[in-house]
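Read off the chains here:
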Amino acid sequence: MGPKKVSNSLNSATKTEENQSQPQPVKRQRPDSNKSSVNNVASSSSPNSKTFLLVALSLLVATTAVILTNDDVKMFLIQFTSIGSNTLEEVAKYTDSAQYVEKETDAVSEKSSQTHDIGKDSAKSSELHASSPVESGRKGEKLEEESDDRETREGVNNIATQSVKVDEVLTEGSDTKNVERDHTKSDEADKEIKKESEEDQKAKSKRESYENSAITSKGDFKIRKRLDEADKALQMGELKKALDLFDDILKNKSQSPRALWGKGQVLDKLAEQQKSNKMLEEGMALMDKALRLSKTPDLLRMRIAEKLGDRQAFRGWSRKEAETWRYMMERYPNMPEFPHKLGTSYLKTGQNELARELFTNLLKENPEDGFSLVHLGFILKITDLNYTGAIPMLQKGIDSRQPGTLDGRFFYHLGDAYMRTSNNEMARKVYQEGANAGLFLSADQRSLYNAETKITGRPWWTPAETTYLKYLTMLENNWETIRDEGLAQLDQTTGSFSPEEENLRETGDWKQFTLYQRGRKNENHCRKVPRTCALLDQIPEANGCRRGQIKYSVMHPGVHVWPHTGPTNCRIRAHLGLKVPQGPRIRVGNETRTWKEGKFIIFDDSFEHEVWHDGIDFRLVLIVDFWHPEIPEHERRSLSPI
C-alpha cells in the first residue's frame, strides 16, 4: 500500500505546479492513517500555516530516510540487536522481519527521493538542466530519485546480508545445542551399553565357572541349584526322590532341557527295574522333547541323542532311531558321525539301498572315510554277494582304524569274503587280528552277541555236560513220533518247510521248518506237529530260550554249508537224528562227526562249523537250542532276543 500512495501524491503535486506555472515545493503526504487529518488541516488553514506544516513534515521524513539509508547507523542497529541488549529470541524476531523490510524497500526509496527534492532549491535544479523551471524540476527530481534508489537498494542489501549473518549465528547456536544434546545422549548410550556389557560379562563369567555350564541353558542356569539336587539324587540311585524333584521343576519350567532329560533318565532306570515298556516309552518321549528344543545346549543334545538312539534300538524302534539321527544330521550337517549313525540304522531296518546311497555320497565327499568304506563293503558282501568288490573296501576301512571301523562284524565278513574267494590264509589272519583286538572270543569262536557272565566255551558237548540230560533222553525216547510228524511236512503241497535264508549255502538244497524262535511258539506250525510240540512245551530251557530256535532241518545231497559261526555263545545246540543216510557230515572246530538216528550230537555253534552232504538221499534232524547252562536266570531275562 505504501508505494501506491506515494505515487498518487506525486501525481497531484505535478498537476499543481502546472496550474501555478511557478516552481513550488512538492506537497508530499505521509502514507499512513493520519493522511486525511493532514489534508483537512491544510485546507482549513492559511497559506503560511500550510507551508510551515509541510516543511516540518518534510524534515521529519527526511531525517528518517537519512537514518535508514546510512550504513553506519544500519550496522550499529544490527550489532546492537544481535549482540547488545536483545535476547536470541528477539534477534530471531528481527530476522523474521527481514522479509517485511525487503517488501517496504520500494516505499522507502520513493520517500527518500521526495525528501531530497524538498531540501534542494530551485536554483540548484536550474544548474542541472537549462530548461524551463517546471521541466528542470521534473528532470532533477527524476535523477535524485534514481540516485536515492541506488542508495536504498545498497542499504537493503546490507540489511539482508546482516540478516543472513544473524541467521548463521542462530543456526550455529542451534546446531551447537543439538550437537551438545547428541553428545550427551551418545555418552549416556555408551555408558548404558558399557554397563550392560559389563553385566553380561559378569553373568557369562559366572556361567562359565559353573561346572555344568556346558549342558545348562540360560533359563536352566537360573534354577541350577534345584537341577543339581535332582541330578545328585539320580546319580545316588534315589529314583523316587529324583522323580519328585524333576516333576516339581517341570510344573513351572515345562521347557527345561535338563529337567526333561533328567526325568527321562529316571523313567528309563525305573523301566529297567520294573520291566515296563510303557515307562521306557514315556522316558524316551521326554528325551525326544528335550532333544528338539531350540534352547538345548549342544553338548546336552549330543548326550540325549546317544541315549535316545540306544533306547530306541533296544525297544526295537529302528525307524524312530533313524528319525533321531536324521534330525541330528540336519541340525549338525558338518558332523559325520550323525550320517554314519543314520546309515547303520537303515541297515538295522533292512533299508540297505538307502544305506548304500548315503555311504556312497559320503565317500564322494571324502574317499578316505573309513566308516563309510567298511559299511559300503559290508553291503556289497551281504546284499550283492560281491566278495571281490567288498574285500578292498572292508580292508581299507579297517586299516584306517578310524572310529567305528574296529567292529567284529567287519572283521567277520572280511575274513568270510577271503574264505569264499579261496584265500583261507588271509581269512585266518583277519580272524586272528579280530581275536587279538578283543572282538572275538577266539579265532574259532567268533560270535558277536555274547553273555556278560564268563562261561565255558568248547566245540563239542556231552549230554551230561549240558545238565539237560532228562530232556534229551525224553526226546530221544520219542524220536520216531517226532520223525513222522516232520516227514509229513516235507510234502511239497501241504508242507511248511522254507529255504534257508542266511546265505550260508555254497551249493545244494537246504530247508527248515521252525516251531519256536526267540522264546516264542509258532502256534500255526505247532498245530501241524502237535505231539512234537507237546513234548517241547515241557522244556522251558529250550522253548523259552530267547537266543535260540527249535526247528526241523532237511538237507539234500550236494549241499555244502560255508564255514561259519552262530551269533551268540549263550546257547548249546543239540541235533536229534531222524533220517540219516550215508554221506552227510559236520565239522565243529577241528573235529568232524556225523549223525545217528534217534541220537543227539551236541555242540556250541559259536565255534566255526561246516557241513557237507555227499550222499544220495536227504538228511532230516530236529535242532533244539538250550540256554547255556552257566548263564544265570536273571541274565537270561535281561538278554535281548536273537
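Structure's up top.
To start, this report covers the structure provided alongside it. Quick caveat: nothing in here was measured; it's all calculated off a predicted structure.

About the thresholds
Residues numbered from 1 in each chain as written. Predicted model: local features only at pLDDT ≥ 70, side-chain atom pairs only at ≥ 80, totals over all residues. Heavy atoms only, no water. Helix = DSSP H or I, 4+ residues; strand = E, 2+ residues; numbered from the N terminus. Contact = heavy atoms within 4.5 Å. Areas by Shrake-Rupley, 256 points an atom, 1.4 Å probe, with all protein chains shown as cover. Axes fitted to C-alpha atoms, helices over the stretch in contact; angles between N-to-C directions. Parallel < 35°, antiparallel > 145°, perpendicular 65-115°, else oblique. Left-handed = near helix turned anticlockwise from the far one by under 90°. Nonpolar A, V, L, I, M, F, W, Y, C, P; charged D, E, K, R; others polar. Core = buried A, V, L, I, M, F, W, Y, C linked by side-chain atoms within 4.5 Å. Buried < 20%, exposed > 50% of the residue type's maximum accessible area, 1.4 Å probe, protein only. Pairing = 2+ DSSP bridges.

### Let's talk about the overall build of the chain
On a plain count of helices and strands, the chain comes out with 29 helices and 13 strands. Look at the contacts in the chain between residues 6 or more apart in sequence, and 67% of them connect residues 24 or more apart. Carbon and sulfur atoms make up 50% of the accessible area of the chain, which amounts to about 35,300 Å² in all.

### As for the packing of helix 12 (residues 239-252) against helix 13 (residues 257-274)
Each packed pair of helices is defined by two parameters, the angle between the axes and the distance between the axes. In contact at an axis separation of 9 Å, helix 12 and helix 13 are set at 150° when each is read in the N-to-C sense. Classified by the interaxial angle, the pair formed by helix 12 and helix 13 is roughly antiparallel. Judged by the sense of rotation from one axis to the other, the crossing of helix 12 with helix 13 is left-handed. Residues Leu239, Ala242, Leu243, Phe246, Asp247, Ile249 and Leu250 of helix 12 lie in contact with helix 13, whose contacting residues are Arg258, Ala259, Leu260, Gly262, Lys263, Val266, Leu267, Lys269, Leu270 and Gln273. The residue inventory of the contact of helix 12 with helix 13, partitioned by class, reads 11 nonpolar, two polar and four charged.

### Regarding the nonpolar core
In terms of nonpolar packing, the biggest core is built from 72 residues, with Val266, Leu291, Ile304, Met328, Phe359 and Leu414 touching the most fellow members. The contacts of Phe359, once residues within four sequence positions are left out, are His340, Gly343, Thr344, Phe371, Ser372, His375, Leu376 and Ile379. Grouped together as the second largest cluster of nonpolar side chains are 40 residues, Ile455, Ile602, Phe618 and Val624 included.

### Concerning the pairing of strand 13 (residues 619-627)
Where burial is concerned, most of strand 13 is hidden: nine out of the nine residues are buried. With burial as the criterion, each face of strand 13 is covered, one bearing Arg619, Val621, Ile623, Asp625 and Trp627 and the other bearing Leu620, Leu622, Val624 and Phe626. In this sheet, strand 13 lies alongside strand 6 (residues 549-555) in antiparallel orientation, the contact comprising six bridges. Note that in strand 13 the partner of Tyr552 across the bridge is Leu622. Judged from the eight bridges that link them, strand 8 (residues 571-579) and strand 13 form a sheet pairing that is antiparallel. Across the sheet, the residue bridging to Gly577 is Val621, located in strand 13.

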